[in-house]
Amino acid sequence: MKVAPSVLSADFGNLQRDVEAICEAGCDFVHVDVMDGHFVPNLTIGPVVVSAIAASATKPLDIHLMVENNTFFVDLFAPLKPEYISFHIEEEKHPHRLIQKIRSLGIKPAIVLNPHTPPESIEYLLGDLDMVLLMSVNPGFGGQSFIDTVLPKAKKLSAMRDKINPACLIEVDGGVSDKNVHLLKDAGVDIVVAGSYVFNHANKKEAIESLQI
Ligand code: DX5
Ligand code: ZN
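Residues numbered from 1 in each chain as written. Chains lettered and ligands numbered in written order. Predicted model: local features only at pLDDT ≥ 70, side-chain atom pairs only at ≥ 80, totals over all residues.

Asker: Please explain the overall build of the protein chain as it appears in this structure.
Answerer: Check the secondary structure of the protein chain and you find eight helices and eight strands. Judged by the C-alpha coordinates and their principal axes, the protein chain covers about 40 × 35 × 30 Å. Across the 213 residues of the protein chain, 43% fall into the buried class. For the protein chain, the proportion of contacts with a sequence separation of at least 24, taken over those separated by at least 6, is 63%. (Helix = DSSP H or I, 4+ residues; strand = E, 2+ residues; numbered from the N terminus. Buried ≥ 20, exposed ≤ 12 C-beta atoms within 10 Å, placed from the backbone. Contact = placed C-beta atoms within 7 Å.)

Rendered as structure tokens:
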């Protein structure tokens, strides 16, 4: 299991210190939550702060867009050369076009599904994706409880990807800890995002390693 700590739970007064700490502690990706105050009821960071994160990170960025105007934000963040940019299917009229655009910029495209969105909604896109991100909380805030209906959903998606595009990874975001990571692994998940679990832990290396099962 690969681990992408969410910087949303970092101390923003000491952002460089915290980004360096998770990278030194052996994380696989740095998960960056971009919220616009419209698609979700919270507002986070833009290109100025994400550039600072990119400058401190020694691991690839995994940018999670929770915004209304996906294309605008893809253009804003593409120059930072993240590994992944993921956008919500619930907010995109032309997902296939946006996937092609992200790929043409040299970035791996990913789609995010809210807890209520069925995996069948992206069946015809799966062949063009590098990753699908399943939300296990309602997007907007760190520190929420894990919604366990993501487990049967991940199993279903895993079976679909094995048939359509075995190279496509499955990531889960929200309420992840050492208590549920084994269940996620059994369900076919490849990457977990963890914010409060990693940043509230006294030892970040121990926290990250407890998820790298
Ligand atoms: C929620 C964000 C998550 C969040 C995870 O909208 O997408 O990445 O920060 O935080 P935890 O692990 O605390 O649920
Ligand atoms: Zn996220």
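Still to come is the rest of the account.
Asker: Got a minute to help me understand helix 4 (residues 95-104) in this structure?
Answerer: Two residues of an α-helix separated by three or four positions point the same way, owing to the 3.6 residues in each turn. Inspection of helix 4 places Pro95, Ile99 and Ile102 among the buried residues, and these make up the whole buried set. Looking down the long axis of helix 4, one finds its buried residues gathered within 65 degrees of arc, a one-sided arrangement. Exposed residues on helix 4 whose side chains face more than 90 degrees from its buried face are His96, Arg97 and Ser104. Residues of helix 4 that are buried in the fold lie against helix 3 (70-77), strand 4 (84-88) and strand 5 (108-113). (Arc of directions from axis to C-beta.)

Asker: How do you make sense of the UniProt feature "binding site: a divalent metal cation" (unreviewed entry) in the protein chain when you look at a structure like this?
Answerer: Per the UniProt entry, the sites bearing "binding site: a divalent metal cation" (unreviewed entry) are His31, Asp33, His64 and Asp173 in this numbering. The greatest C-alpha distance among the annotated residues, which extend across 143 residues, is 10.6 Å, indicating that they converge on a single site. Note that histidine 31 resides in strand 2 (residues 30-35). Histidine 31 has contacts with Ala4, Pro5, Ser6, Val7, Asp62, His64 and Val193, leaving out every residue within four places of it along the chain. Relative to the helices and strands, histidine 64 is located in strand 3 (residues 61-66). With residues near it in sequence (within four places) discarded, histidine 64 still touches His31, Val32, Asp33, Val34, Ser86, Val112, Leu133 and Asp173. (UniProt positions renumbered as here; feature names shortened; annotations may be inferred.)

Asker: Explain the site of ligand 1 here, please?
Answerer: Surrounding ligand 1, one finds 21 residues, the nearest of these being Ser6, Pro139, Gly142, Gly195 and Ser196. Those elements that place two or more of their residues in the shell around ligand 1 are strand 2, strand 8 (191-194) and helix 7 (196-199). Its residues assigned to classes, the shell around ligand 1 shows seven nonpolar, 12 polar and two charged. (Near = placed C-beta within 6 Å. Nonpolar A, V, L, I, M, F, W, Y, C, P; charged D, E, K, R; others polar.)

Asker: What's the story with helix 1 (residues 15-24) in this structure? I'm lost.
Answerer: Along helix 1, the positions that sit buried rather than exposed are Asp18, Val19 and Ile22. Projected down its long axis, helix 1 shows its buried positions confined to an angular sector of 100 degrees, all on one face. Along helix 1, the residues that are exposed and aim more than 90 degrees away from the buried face are Arg17 and Glu24. Contact partners of the buried residues in helix 1: strand 1 (2-5), strand 2, helix 2 (47-56), helix 7 and helix 8 (204-211). Of the residues trailing helix 1, glycine 26 is marked for its positive phi of about 95 degrees.

Asker: So what exactly am I meant to see when it comes to the sheet that holds strand 3 here?
Answerer: Strands belonging to one sheet form pairs held by backbone hydrogen bonds; the direction of such a pair is parallel or antiparallel. Judged by pairing direction, the sheet is parallel, and its eight strands sit side by side in the order 1-8-7-6-5-4-3-2 without closing on themselves. Two strands in the sheet have a free side with no partner beyond their single neighbour: strand 1 and strand 2. Neighbour-to-neighbour, the strand axes of this sheet turn through a mean angle of 25 degrees, independent of strand direction. Examined bridge by bridge, strand 6 (residues 131-135) and strand 7 (residues 169-173) share five bridges and lie parallel to one another. Considered in strand 7, the bridge of methionine 135 is made with aspartate 173. Of the strands in this sheet, strand 6 and strand 7 touch helix 5 (residues 150-164), which is tilted by about 165 degrees from strand 7. (Pairing = 2+ DSSP bridges. Axes fitted to C-alpha atoms, helices over the stretch in contact; angles between N-to-C directions.)

Asker: Sorry, what's going on with the packing of helix 3 against helix 4 here?
Answerer: When two helices pack together, their arrangement is captured by the angle between the axes and the distance separating the axes. Put simply, helix 3 and helix 4 touch, their axes get as near as 11 Å, and they point 5 degrees apart. Considering the angle they form, helix 3 stands roughly parallel to helix 4. Touching Asn70, Thr71 and Val74 of helix 3 are Leu98, Lys101 and Ile102, all from helix 4. (Parallel < 35°, antiparallel > 145°, perpendicular 65-115°, else oblique.)

Asker: Which parts of the structure should I look at to understand the nonpolar core?
Answerer: When a protein is soluble and globular, its nonpolar side chains tend to lie buried together. One finds Val30, Ile85, Val132, Leu134, Ala154 and Val192 to be the most contacted residues of the largest nonpolar core, which totals 66 residues. A total of five residues in this core trace back to one element, the largest contributor, which is strand 6. Beyond its immediate chain neighbours, meaning those up to four positions away, valine 192 contacts Met1, Val3, Val172, Val176, Val181, Leu184 and Leu211. (Core = buried A, V, L, I, M, F, W, Y, C linked by C-beta atoms within 7 Å.)

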